[in-house]
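Geometric and topological summary
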2 protein chains.
Amino acid sequence: MAKEKRVEQIADMEADFTQWFTDVCRKAQLIDYSSIKGMYILRPYGYAIWENMQHILDAEFKKQGVENVYMPMLIPESLLQKEKDHVEGFAPECAWVTMGGSEELEERYCIRPTSETLFCDHFKNIVQSHRDLPVKYNQWCSVLRWEKTSRPFLRHREFLWQEGHTVHATAEEAEAFTQQMLNVYADFCENVLAMPVTRGQKTDKEKFNGAEATYAIECMMHDHKALQAGTSHYFGDGFAKAFEIAYTDKNNQRVAPFETSWGVSTRLIGGIIMTHGDNNGLVLPPMIAPIQIVILPIAQHKPGVLEAANALKARLSEAGFRVKLDDSDNSMGWKCAEYEMKGVPLRVECGPRDIENGQCVLVRRNDGEKIVISLAELEQAAQAQLQSVQDGMYASAKKNLDEHIFTAYSLEEAKALQEANGGFIRTMWCGDEACEIQMKEQAGMTSRCIPFAQEHLSDTCACCGRPAQKMVYWGVAY
Amino acid sequence: MAKEKRVEQIADMEADFTQWFTDVCRKAQLIDYSSIKGMYILRPYGYAIWENMQHILDAEFKKQGVENVYMPMLIPESLLQKEKDHVEGFAPECAWVTMGGSEELEERYCIRPTSETLFCDHFKNIVQSHRDLPVKYNQWCSVLRWEKTSRPFLRHREFLWQEGHTVHATAEEAEAFTQQMLNVYADFCENVLAMPVTRGQKTDKEKFNGAEATYAIECMMHDHKALQAGTSHYFGDGFAKAFEIAYTDKNNQRVAPFETSWGVSTRLIGGIIMTHGDNNGLVLPPMIAPIQIVILPIAQHKPGVLEAANALKARLSEAGFRVKLDDSDNSMGWKCAEYEMKGVPLRVECGPRDIENGQCVLVRRNDGEKIVISLAELEQAAQAQLQSVQDGMYASAKKNLDEHIFTAYSLEEAKALQEANGGFIRTMWCGDEACEIQMKEQAGMTSRCIPFAQEHLSDTCACCGRPAQKMVYWGVAY
């Protein structure tokens, strides 16, 4: 049967998760390779997921008073160099433009790996008085990071993202806004993408180049590796001073303002795939699925079936769902496998007998559950089942997260737990970078975050035995 | 008064149109300069216009069955070179990436000046059978063209645009779709941007590098210069053959498909400014204005005024208008000038006496007309007045266009008419590029288009006196 044949095309996720992931990206037609290594083509189905995410996030940003702008994609080298830590972090990954037409440029330009320097250069012009503050800007764009290795969605040399950049009069306001935007991301991941998150602060070693503090949301993938899903950075007045941004405060003094930046990217699509996918392919959260409901007519050549299917489609579209009717001449088996591969949350089956009985069958993608409903209750049942899919996906992911957080009291124990189970290993930590390096070298884990929800597990650092400062989550990360 | 002071800040458009244009771009806060010559920052107010345009155009594209995708921003030089005419046209304007991190690249990459080559490279992979056709893709992105001179919105080294790329089984279908997309652009310009257009075909000299035919819409600016507002290209099977794209047709033969591409850019914002603006600043078509209605309370410190103004705002927002209430402590004169500068289509004034009388005053931006209305009819009156602004703007622009189309029968006459009046000079033309060059050298005009609406003005070419083929519109263009 067509169905079986189709499913055979992807690797078994338990046997080879990496191959399974790549297979899903290709077979669900999210992505294609381009002629440059590490640069991918976002195909219509993949891009549509991003558009749906953009739509929801952009509305959330606007609720926070954020306005969209567009900055140039090129950064003069001299501008990139103004903030010392920042350039050190990003220069090794920059793609450099050295020629314009047939002429060598006097100064080389890098394609933005991130745009703090460009925003600061602009803020210097537009921030003059306390009346100009706060400034809350965002841009949707692509950035380039010339990395050696690449994987679809997780590590692109070019990827799509949004980067927010704000300027505030006080440190308190900037710090609060940094956390506020982390919460926007966390709520988006949990409520829209059905991906439970752990919120926390990055260690100094892992924070953004040039930031005073980086906050992150960390997610747990199906293979029990960690994925950093979004970050929000508090800059203090470091960038402002480096770029000579100053405003006249209410006491008529020239002072430096405080800044933040925050971003999420198409990497989130990688997160969705690895959180929710299964051996039949993609499983998409209804809220961002390009097709929420697919209607498959059974025995569609029989009288009345296509008319009935079209009527279902009209009703569901009218009710605001994103619906597709597949009346192609592919077999039912092929179609079921196809839309399972594409992760369509809800399938509606409708054949001659269903029509006779005034009913149709709803099939949930996440757990395969079939529900026979009366056609009279179509819209309400579709809504309820989509909600059930969304809730069921979150619950599964939350269970996976909760079952893969382990407590360790020594580096050896941490290492053994990671090797046996993956997941987040939580330990107490002295705060010394040397212990982070030791954890990396001996147990292969990086610090994922210092969770906001702290617990006192013991008095001493799991690595060195000195007095502990914080509880840290460690993990193997994408 | 604040108002007068504010208006003095921009140049008189009749005295110095170029300076007036730049002043409007800056003072209406559409744009700011960046640290790279020819690359501009789109500020929130300018970007919001683009977002509104995107929203409407994207919906139109989707009605045409077009899907959005995202292609990489870099093109390997070898890929750019596959279509000979195409590379000749674009290579001189390419910005070249030659370094990744600290390493010299083996092959240099240009930042996309347009993406035909990238799309063709992808089409080669995804187009195999007649069942795969048509493919109708679009992407929203920025492109780079390393030009010597630049002007806000009209000529950026980097600009935002959309580029559509389609593949069809037959030449007829591709040709029809090329014209269909030109019509989408024309309708958008006329119905949304209130900019009347002339539709026609470009001469071979002016067509897109690599196209068989380029169709364009040409608009008339306030200073009687022409602006090419959008183009749609028919490629025949030239690109398909150069990139070895082929599909298996119904007779099981491998054949090359036919392609199109089409685009509009932020240049349209330049067109809006130069079509509708006046000596008080910007005048925005209501359909794309970020703020459609601004509410200015009069004597706002008096009891009840701010409450009434807020109630108006709530009602208008509820009715779906984009509304702003300015209750800042700036003077009424300053506020009026500010929102005139920003081109807000409708101003609502509301003071203590108005409230007493259950009325408010609507002021149209395009003609300054004031209308006193009863508060009971607020929503309907606002809708009617915005429609009146939209219609009035179109009518003015149409009058300007119609009054600046002149007929000439010789090159000398064409030159004299252009010098005296500007505008489009229409003449008969033999079809020879030599005459186009002569018109450029002697009269300073390029062929704008061969209008679809042809007229037979005379039997002979205005330049050389040989038998005429077509009527051409000539003009001085941005």
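Residues numbered from 1 in each chain as written. Chains lettered and ligands numbered in written order. Predicted model: local features only at pLDDT ≥ 70, side-chain atom pairs only at ≥ 80, totals over all residues. Heavy atoms only, no water.

1. Description of the overall build of chain A
Inclusion rule: Secondary structure is summarised from DSSP: a helix means a run of H or I of at least four residues, a strand means a run of E of at least two, and numbering begins at the N terminus for each. Atoms considered for the radius of gyration are the C-alpha atoms alone. The globule rule reads 2.2 Å times the number of residues to the power 0.38. Think of it in three bands: with a 1.4 Å probe and only protein chains considered, a residue is buried below 20% of the maximum accessible area for its type, exposed above 50%, and partly exposed in between. What makes two residues a contact is simply this: any of their non-hydrogen atoms within 4.5 Å. For the area figures, the Shrake-Rupley method with a 1.4 Å probe applies, and any residue is considered shielded solely by the protein chains shown. Two residue types count as positive, namely Lys and Arg, and two as negative, namely Asp and Glu; His and chain ends fall outside the count. In this description, the location of a charge corresponds to atom NZ of lysine, CZ of arginine, CG of aspartate or CD of glutamate.
The secondary structure content of chain A amounts to 15 helices and 23 strands. Its C-alpha radius of gyration of 25 Å places chain A within 12% of the 23 Å reference for a compact globule of 478 residues. Taken along its principal axes, the extent of the C-alpha atoms in chain A is 80 × 55 × 50 Å. By the burial criterion, 60% of the 478 residues in chain A qualify as buried. Across chain A, every contact between residues at least 6 apart in sequence was considered, and the portion connecting residues at least 24 apart equals 68%. Carbon together with sulfur atoms contributes 46% to the accessible area of chain A, which is approximately 18,500 Å² in total. Measuring between centres, the 50 positive side-chain charges of chain A sit 3 Å from its 67 negative side-chain charges.

2. What about the interface of chain B and chain A?
Quick reminder of the rule: As a working definition, buried area equals the accessible area (1.4 Å probe) given up by two parts on being put together, with both sides summed. Salt bridge criterion: a side-chain nitrogen from Lys or Arg within 4 Å of a carboxyl oxygen from Asp or Glu. Here a polar contact means two N or O atoms within 3.5 Å. Within protein one must be a hydrogen donor candidate and the other an acceptor candidate, and residues neighboring in sequence count only if both atoms are side-chain atoms. Note on residue classes: Ala, Val, Leu, Ile, Met, Phe, Trp, Tyr, Cys and Pro are nonpolar, Asp, Glu, Lys and Arg are charged, and everything else, Gly too, is polar. Two strands are said to pair when DSSP picks up at least two bridges between them.
On the chain A side, the residues contacting the 54 residues of chain B number 54 residues. Of the roughly 4,300 Å² buried between chain B and chain A, counting both surfaces, carbon and sulfur atoms make up 58%. Counting the surface chain B buries against chain A, the share from its top three residues, Pro44, Tyr70 and Met73 of chain B, is 14%. Viewed at the interface, chain A and chain B are joined by six salt bridges. One can count 25 residue pairs in polar contact (both at pLDDT 80 or more) joining chain B with chain A. Residue composition of the side of chain B that touches chain A, by class: 31 nonpolar, ten polar and 13 charged. In this structure, strand β5 (residues 95-100) of chain A lies alongside strand β5 (residues 95-100) of chain B, joined through five bridges in antiparallel fashion. Directly across from Met99 of chain A, in β5 of chain B, lies its bridge partner Trp96 of chain B.

3. Some details on the nonpolar core
Convention followed: To qualify as a nonpolar core, a set must consist of buried Ala, Val, Leu, Ile, Met, Phe, Trp, Tyr and Cys residues joined through side-chain atoms within 4.5 Å.
With 165 residues, the main nonpolar core has Leu74 of chain A together with Leu74 of chain B as its most contacted residues. With eleven residues, helix α7 (residues 171-192) of chain A is the single largest residue contributor to this core. The contact partners of Leu74 of chain B, leaving out residues within four places of it in the chain, are Ile36, Met39, Ile111, Leu144 and Trp146 of chain A together with Val97, Tyr109, Cys110, Ile111 and Leu118 of chain B.

4. Looking at the pairing of strand β9 (residues 198-201) of chain A
Residue and element names in this part refer to chain A. Across the two faces of β9 the burial differs, with Thr198 and Gly200 buried and Arg199 and Gln201 not buried at all. In this structure, β9 lies alongside strand β10 (residues 213-220), joined through four bridges in antiparallel fashion. Bridge pairing in β10 links Gly200 to Ala216. One ladder, built from two bridges, connects β9 with strand β22 (residues 446-451); its direction is antiparallel. Paired with Gln201 across the strands is Ile450, a residue of β22.

5. Points about the relation of the copies chain B and chain A
The following threshold applies: The superposition of copies rests on a least-squares fit of C-alpha positions from residues with pLDDT of 70 or more in both.
Note on the copies: chain B fits chain A at an RMSD of 0.0 Å, the axial shift is 0.0 Å, and the rotation between them is 180 degrees. Both copies of the chain, as the preceding transformation shows, are related through a two-fold rotation axis. Identified as the residue of chain B closest to the rotation axis by C-alpha distance is Val97 of chain B, at 2.1 Å. Both copies contact each other with a shared surface, as 100% of the interface residues of chain B are interface residues in chain A too.

6. A short note on helix α9 (residues 267-276) of chain A
It helps to recall that an α-helix has 3.6 residues per turn; residues three or four apart then point in one direction. Within α9 of chain A, ten of the ten residues are buried, leaving the element largely enclosed by the surrounding structure. Within α9 of chain A, the full set of buried residues consists of Arg267, Leu268, Ile269, Gly270, Gly271, Ile272, Ile273, Met274, Thr275 and His276 of chain A.

7. Overview of the packing of aromatic side chains
So the rule is basically this: Paired rings are identified among Phe, Tyr and Trp, the last through its six-membered ring, by centres lying within 6.5 Å, and are further divided according to the angle between planes into stacked (under 30 degrees), edge-to-face (over 60) and tilted (the rest). Sitting over a ring, as applied to charges here, requires NZ of Lys or CZ of Arg to be within 6 Å of the ring centre and within 35 degrees of the ring normal.
Under the counting rule described, the total for this entry stands at 36 aromatic pairs over all chains. With 5.8 Å between their ring centres and 90 degrees between their planes, Phe159 of chain A and Trp161 of chain A make a pair best called edge-to-face. For Phe159 of chain A, a relative accessible area of 14% corresponds to the buried category. Given the relative accessible area of 11%, Trp161 of chain A is considered buried. Between Phe208 of chain B and Phe235 of chain B the ring centres are 5.9 Å apart and the planes differ by 55 degrees, which places this aromatic pair in the tilted class. Here Phe208 of chain B is found in the loop between β9 (198-201) and β10 (213-220), whereas its partner Phe235 of chain B is found in strand β11 (residues 226-236), with 27 residues between them in sequence. Overall, Phe235 of chain B belongs to the buried group, its relative accessible area being 3%. The ring of Trp96 of chain A has Arg108 of chain A lying over it, and the distance from NZ or CZ to the ring centre is 3.9 Å. In this arrangement the basic side chain of Lys225 of chain A is found over the ring face of Tyr478 of chain A, its NZ or CZ atom lying 4.9 Å from the centre.

8. Concerning the environment of Gly238 of chain A
Tracing the backbone shows Gly238 of chain A in helix α8 (residues 238-242). Sequence separation of Gly238 of chain A and Ala211 of chain A is 27 residues, and the distance between their C-alpha atoms is 8.0 Å.

9. Observations regarding unusual backbone geometry
Look at the link from Leu133 of chain A to Pro134 of chain A: it is a cis peptide, with omega at -5 degrees. Counting through the fold element by element, Pro134 of chain A comes out in the loop between α6 (116-126) and β7 (135-144). Its identity as a non-glycine residue notwithstanding, Asn252 of chain A has a phi of 65 degrees, on the positive side. Tracing the backbone shows Asn252 of chain A in the loop between β12 (247-248) and β13 (254-255). Asn252 of chain A gets classed as exposed once you look at its relative accessible area, which sits at 61%. Despite not being glycine, Ala299 of chain B shows a phi value in the positive range, around 50 degrees. Position of Ala299 of chain B relative to the elements: it lies in the loop between β15 (293-297) and α10 (305-318).

10. A look at the sheet that holds strand β20 (residues 405-407) of chain A
Residues and elements named next belong to chain A. Pairing is mixed across the open sheet formed by eleven strands, whose spatial order is β3-β7-β8-β14-β11-β10-β9-β22-β23-β21-β20. Strands at the two margins of the open sheet, each flanked by one partner only, are β3 (67-68) and β20. Two elements, β3 and β7, share two bridges in a ladder whose sense is parallel. In the strand pairing of β7, Glu67 is matched with Tyr137.

11. Some thoughts on the confidence of the model for chain A
Residues and elements named next belong to chain A. Quick note on the threshold: Confidence of the prediction at every residue is given by pLDDT, a number between 0 and 100.
Across chain A, the average pLDDT comes to 96, with 98% of residues at 70 or higher. Considering only residues more than four positions removed or in separate chains, one finds that residues 1-5, a stretch of pLDDT under 50, has nine contacts. Interface confidence in the predicted complex, given as ipTM, is 0.95; pTM for the same model is 0.96.

12. Regarding the pattern of salt bridges
The final tally for this structure, using the stated rule, is 56 salt bridges over all chains. Glu206 of chain B is paired through a salt bridge with Lys205 of chain B; the nearest N and O atoms lie 3.9 Å apart. With a relative accessible area of 26%, Glu206 of chain B lands in the partly exposed category. Salt bridges sharing common partners tie together Glu51 of chain A together with Asp58 and Lys62 of chain B.

13. Details of the side chain of Arg448 of chain B
Residue and element names in this part refer to chain B. If you trace the backbone, Arg448 turns up in strand β22 (residues 446-451). Residue classification places Arg448 among the buried residues on the basis of a relative accessible area of 5%. Residues within four places of Arg448 in sequence aside, it is in contact with Lys202, Glu218, Ala226, Gln228, Phe424, Tyr473, Trp474, Gly475 and Ala477.

14. So, the sheet that holds strand β20 (residues 405-407) of chain B
Residues and elements named next belong to chain B. Note the following rule: Between the N-to-C directions of two axes lies an angle of 0 to 180 degrees, each axis being a line fitted to C-alpha atoms and, for a helix, fitted only over the stretch in contact.
Spatial ordering of the open sheet is given by β3-β7-β8-β14-β11-β10-β9-β22-β23-β21-β20, a layout of eleven strands whose pairing is mixed. Where the open sheet ends on each side, the last strands, each with one partner, are β3 (67-68) and β20. Across eight bridges, the pairing between strand β8 (residues 158-168) and strand β14 (residues 258-265) is antiparallel. Directly across from Trp161, in β14, lies its bridge partner Ser265. Where helix α15 (residues 433-443) meets the sheet, its contacts fall on β21 (424-429), β22 and β23 (470-475), and the angle it forms with β21 comes to roughly 150 degrees.

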